[in-house]
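Chain residues, written in single-letter form:
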Amino acid sequence: MSKNFLKNSVYNIFANSIPMLFLQLIILPLIAKNYTVGQYGTILTIISIANVIIQIFGIGINNTRVIMNSFYMDKKITENYNKMFKIMVIIIVPVISLILLIFKIKISYVLFILLNIYIILGFLNLYLSSEYNINMDFLLLMKSNLCLTLGYAIGIFIFLFVNQWLLILTIGMLFTVIYELQTTYFWRERKKSSDYWNKTFNKVATISISSAMISIITYADRLFLFPILGANAVATYFAASLFGKIIGMGIGPVSNVLLSTFSSTDIISKKMFWKTNIINFLICIIFFAISIPTAYPIISMLYPSLSDEISVFINLANLAAILNTSAGMIQPMILKFCPIKWQLNIQIIHVFLYFGLSILGVNISGLLGFCIANVVIAIFKIILLCLIGNFYIEKKT
C-alpha cells in the first residue's frame, strides 16, 4: 500500500502543481502588469470569492462521495448525486450576487456572466473529479489538469487581444471539464434517490459548511483585508505569502490521496496517525527552511512593484501558509475516523479564533500584526487536530 500511496501522491502532486504553477507564476503576474496595485488587489478578491464558492459546494459533494463510497458499496446500492448537484447549482447565482453586494464590488455585466460560468464550471470540475479519487486514478486527474493548463494558455492568448482577465480562468476550467465529461461515467447513469439520500445530503451540507469556514480562512488575506486595509494590502500580503502557498498547493494534494486511501477502510492505528503526522511536520520544516533564503528574490522578480512592501512580511506570511498546509494534511484523518461533529466544531473554533486574533493583530500592528496572528492560529489548529485525532483514533497493535 505504501508503494501505491507514493505513486498516487506523485501523480496528484504533479496533477495539481502544473496548473497551479502556471496560474501563480505566469497568469497572475501577467494580470498584475496590466493593472494598478489597487485594481490587482480587487481582482485577487474577486478570484478568492469565486474559489470560496467553488470549494464550499464542490468539496462538500466531492468529499461526501469519497467518504460514503464504502458505505454504498457494502449495501450494493447507488445514490442520486446528480440531484444534489442540480440543487446546489440553483443556489450558486444568488450567492454570488449577495457576496459581491456585501463587499461593495461593482463589475460589468460581461464580467458577472463570466464569473457565474467560471464558478459553475469549477463546481462541476470538483463533482466529476470525485470519480478519479474514488478509483484512485490519479493519472487521469493529471491529464485533466494538463487540459486545464492548455486552456489557460489559450486563455492568455485571447487575453492579449480582448483584455478580459477572467477569460483566462474560464477557458482553462472549460477545457478540464470537457475532458472530465469524457472520462467519467457516474454522472451519466440515471439513478433514483436511495433511502439514505437525506442522510447523505445532510453530510454534504455539513462538509460544505465546514468547507466554507476552511475556504474563508484560506482566502482570508483577501476577504478580511480588502474591507479593512484596502486593495493594496491584499496585493501586498498575497505576494508576501505566495511562496509558502505554492508549496502548500504542491503538498496539499497528498491529503486527497490520503482521503482516497482511507475511503475503503474504517480503521487506522494510532501509530499510523502519528507516523503520518511526523512525516508531515518534517516536510513542512524543510520547505520553510528553503523558503527563508529563496522566497524574497523569487517573489521580487515576479512582482517588482511590490518588492519593497513585502520584505517585512515575507517570512511570517510564508510560515503561516506552510503551517496551514500541515494542518490540511491532518484533516483527512479527522474527517474519516473522528465523529463528523468535530469537522464542523474545529472550523467554528478556527473561524472565531481567526477573526478575533486577526482583528487584534491588525489594530496593534496593521499588516504585520495580521501575519503574526496567522502564525499563532495555524499552530493552535495543528495542536487541536492532533489532540482530537489522538483521542478518537484507537491504538492498534
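What comes next concerns the included structure. (Residues numbered from 1 in each chain as written. Predicted model: local features only at pLDDT ≥ 70, side-chain atom pairs only at ≥ 80, totals over all residues. Heavy atoms only, no water.)

**Comments concerning the nonpolar core**
In step 1: With 116 residues, the main nonpolar core has L28, Y40, I119, W165, I299 and Y303 as its most contacted residues.
In step 2: Counting residues per element, this core draws most heavily on helix α16 (residues 340–392), which supplies 16 residues.
In step 3: Residues contacting W165, with those up to four places away along its chain left out, are I31, Y35, I43, I46, I47, L111 and F159.
In step 4: Residues Y132, F138, L141 and M142 belong to the second largest nonpolar core, which totals seven residues. (Core = buried A, V, L, I, M, F, W, Y, C linked by side-chain atoms within 4.5 Å. Buried < 20%, exposed > 50% of the residue type's maximum accessible area, 1.4 Å probe, protein only. Helix = DSSP H or I, 4+ residues; strand = E, 2+ residues; numbered from the N terminus. Contact = heavy atoms within 4.5 Å.)

**Some points on the side chain of Q164**
In step 1: Mapped onto the elements, Q164 comes out in the loop between α6 (138–162) and α7 (166–183).
In step 2: Given a relative accessible area of 15%, Q164 falls into the buried group.
In step 3: Sequence-distant contacts of Q164, that is, excluding residues within four places in its chain, are made with V110, L111, L114 and F159.

**A look at the packing of helix α4 (residues 81–102) against helix α8 (residues 197–218)**
In step 1: Their axes nearest at 11 Å, the elements α4 and α8 cross at an angle of 45°. Of the possible angle classes, the one that applies to α4 and α8 is oblique. Here α4 runs over α8; the crossing is right-handed. On the side of α4, the interface is formed by Y81, K83, M84, I87 and M88, while α8 contributes W197, T200, F201, V204 and S208.
In step 2: For the contact of α4 with α8, a count of residues per class yields seven nonpolar, two polar and one charged. (Axes fitted to C-alpha atoms, helices over the stretch in contact; angles between N-to-C directions. Parallel < 35°, antiparallel > 145°, perpendicular 65-115°, else oblique. Left-handed = near helix turned anticlockwise from the far one by under 90°. Nonpolar A, V, L, I, M, F, W, Y, C, P; charged D, E, K, R; others polar.)

**Overview of the packing of aromatic side chains**
Two aromatic rings, taken as a pair, are described by how far apart their centres are and by the angle between their planes.
In step 1: For the structure shown, the criterion picks out 17 aromatic pairs.
In step 2: On the basis of an interplanar angle of 25° and a centroid distance of 4.7 Å, the ring pair of F85 and F123 is categorised as stacked. In this pair, F85 sits in helix α4 while F123 sits in helix α5 (residues 109–135), placing the two residues 38 residues apart along the sequence. A single burial state applies to F85 and to F123, both of which are buried.
In step 3: Relative to Y392, the ring of F391 lies with its centre 5.0 Å away and its plane at 85°, an arrangement referred to as edge-to-face.
In step 4: Owing to a relative accessible area of 64%, F391 belongs among the exposed residues under this scheme.
In step 5: Linked through ring pairs, F224, Y237, Y354, F355 and F370 together constitute an aromatic cluster. (Phe/Tyr/Trp six-rings, centres within 6.5 Å; stacked < 30°, edge-to-face > 60°.)

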